[in-house]
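Below are the chains, spelled out letter by letter.
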Amino acid sequence: MDDIFRGQLVRLGSIDPQTLAEAFTRWNRDTEYLRLLDDEPARPRSVNTQKTWIEKELEEGGDLQHSFTIRTMEGDELIGFIGLFEIQWNHGNCWVGIGLGEREYWGKGYGTDAMRTVLRYAFDELDLERVTLSVFEYNPRAIRSYEKAGFTHEGRARQALNRDGERKDILFMGILRDEWKQLQLKEKVHDNIST
Amino acid sequence: MNGNNGETDMNLQKQLFEGERIRLASLDLEKDAEIESKWTQDAGYLRLLDPSPARPRSPLLIKKSYEELEKRAEEKGDHFYFTIRLREEDSLIGFARLYGIHWPIPFALIQLGIGEEGCRGRGYGSEALELLLGYAFQELRLFSVGAHVPEYNPVALHLFEKAGFVQEARLRQSLFRQGRRWDMILFGLLEEEWRVNHG
């Protein structure tokens, strides 16, 4: 069996609250990153605040979420985080969120690789049926990445964001187990042809 | 005493919580918990309402959830919960709420349920929704509201469409009920769309 925590470029690592809190505090100085990440007002937070928050999330999340750090295979650098959350076990459904705090890794396939790896975890390890995400319309790099990972566009919450005096939409995307399986088969065929 | 001889643009006489036949009211922790506990014996009602697993709940459990609800509303201010009561009898028939309020946008989700079986299909839900939307847009100054409705709930789909909500997204096969998968429909209504019919 494959190591399900390893992709091509990154691996999914465990969360050490202190280390991740320090990284969050570093990344959160970058408001472009923050405004791509979520719809909370951007603000700097201390390592202590971040650490308390991470510990609380890990403790309260229980079986309803699975979060990981994203680390490069080469050099083992901590570059972001990814998590499955709001798992609804009775429906086999959950949400996924990802953040790449280290800017030099943007647009180079690291995020897509992390997403593919966490989808495999969702479908093969947790046996879920569907994964959902939301993304802001002004984040084409992320949208392209999610499309590559196999997500389908499912609609938009109109004017749901407020940025620099302008209203922006939030897009919803989803991937079903069957769609993901089909992708795996295609990729296998592709691998066989190219080797 | 206002300076313009009683003339004012603001109609303070207009009651925000009074509909024609129903009113939006606060909770009566003891009595309402008894009644809502009876509603939770109705799995059909629960499954139309939300995705959490249907389960009967005791009055004690429900009372506790009311207490948490009220505490959270006071401390965090991220939701508003109303009971729906018949005006004449002053009897509890359901609930309506704004929840998940995100003030920087500002946006809220909306949900309502008529738990009292004999009171369904009479337009009480529409009346409550009308009041709640007025409250959301004219008292809370929300920019927009949303609602999540499973595709197997045609009554709710109709209710929100009639109130002017737009189907914005369809989360395919999000729900598992009765042995098969169903879509979740996401609705949205902007204040500027609502205002067209409620100047």
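Just above sits the structure.
What you see is a predicted model, and the numbers here were worked out from it, not measured in a lab.

## Thoughts on the pairing of strand β5 (residues 144-150) of chain B
Residues and elements named next belong to chain B.
Okay, step 1: Summarising burial for β5: six of the seven residues are buried, a large majority.
Okay, step 2: Here seven bridges tie β5 to strand β7 (residues 180-190), and the two strands are oriented antiparallel to one another. Counted as the bridge partner of P150 is M184 from β7.

## Looking at helix α3 (residues 47-61) of chain A
Since there are 3.6 residues in each turn of an α-helix, residues three or four apart along the chain are aligned in direction.
Residues and elements named next belong to chain A.
Okay, step 1: If you check α3, its first and last C-alpha atoms are 21 Å apart, about what 15 residues at 1.5 Å a residue would give, namely 21 Å.
Okay, step 2: Every buried residue belonging to α3 is among Q50, I54 and G61, and all of these are buried. Taken end-on, α3 shows its buried residues confined to a sector of 50 degrees, consistent with a single buried face. Facing away from the buried surface of α3 by more than 90 degrees, the exposed residues are N48, E59 and E60.
Okay, step 3: Along its buried surface, α3 packs onto α1 (17-27).

## Looking at the packing of α1 of chain A against α3 of chain A
All names here are of chain A.
Okay, step 1: Relative orientation of the contacting elements α1 and α3 amounts to 130 degrees, with a least axis distance of 8 Å. Judged by the inter-axis angle, α1 sits oblique to α3. In terms of crossing hand, the pair formed by α1 and α3 is right-handed. Within the contact between the two elements, α1 uses P17, Q18, L20, A21, E22, F24 and T25 and α3 uses V47, Q50, K51, W53, I54, E55 and L58.
Okay, step 2: By residue class, the composition of the contact of α1 with α3 is eight nonpolar, three polar and three charged.

Calculation notes
- Residues numbered from 1 in each chain as written.
- Chains lettered and ligands numbered in written order.
- Predicted model: local features only at pLDDT ≥ 70, side-chain atom pairs only at ≥ 80, totals over all residues.
- Heavy atoms only, no water.
- Buried < 20%, exposed > 50% of the residue type's maximum accessible area, 1.4 Å probe, protein only.
- Helix = DSSP H or I, 4+ residues; strand = E, 2+ residues; numbered from the N terminus.
- Pairing = 2+ DSSP bridges.
- Expected span 1.5 Å × (residues − 1).
- Arc of directions from axis to C-beta.
- Contact = heavy atoms within 4.5 Å.
- Axes fitted to C-alpha atoms, helices over the stretch in contact; angles between N-to-C directions.
- Parallel < 35°, antiparallel > 145°, perpendicular 65-115°, else oblique.
- Left-handed = near helix turned anticlockwise from the far one by under 90°.
- Nonpolar A, V, L, I, M, F, W, Y, C, P; charged D, E, K, R; others polar.

Function cannot be read off these values alone, since they describe shape.
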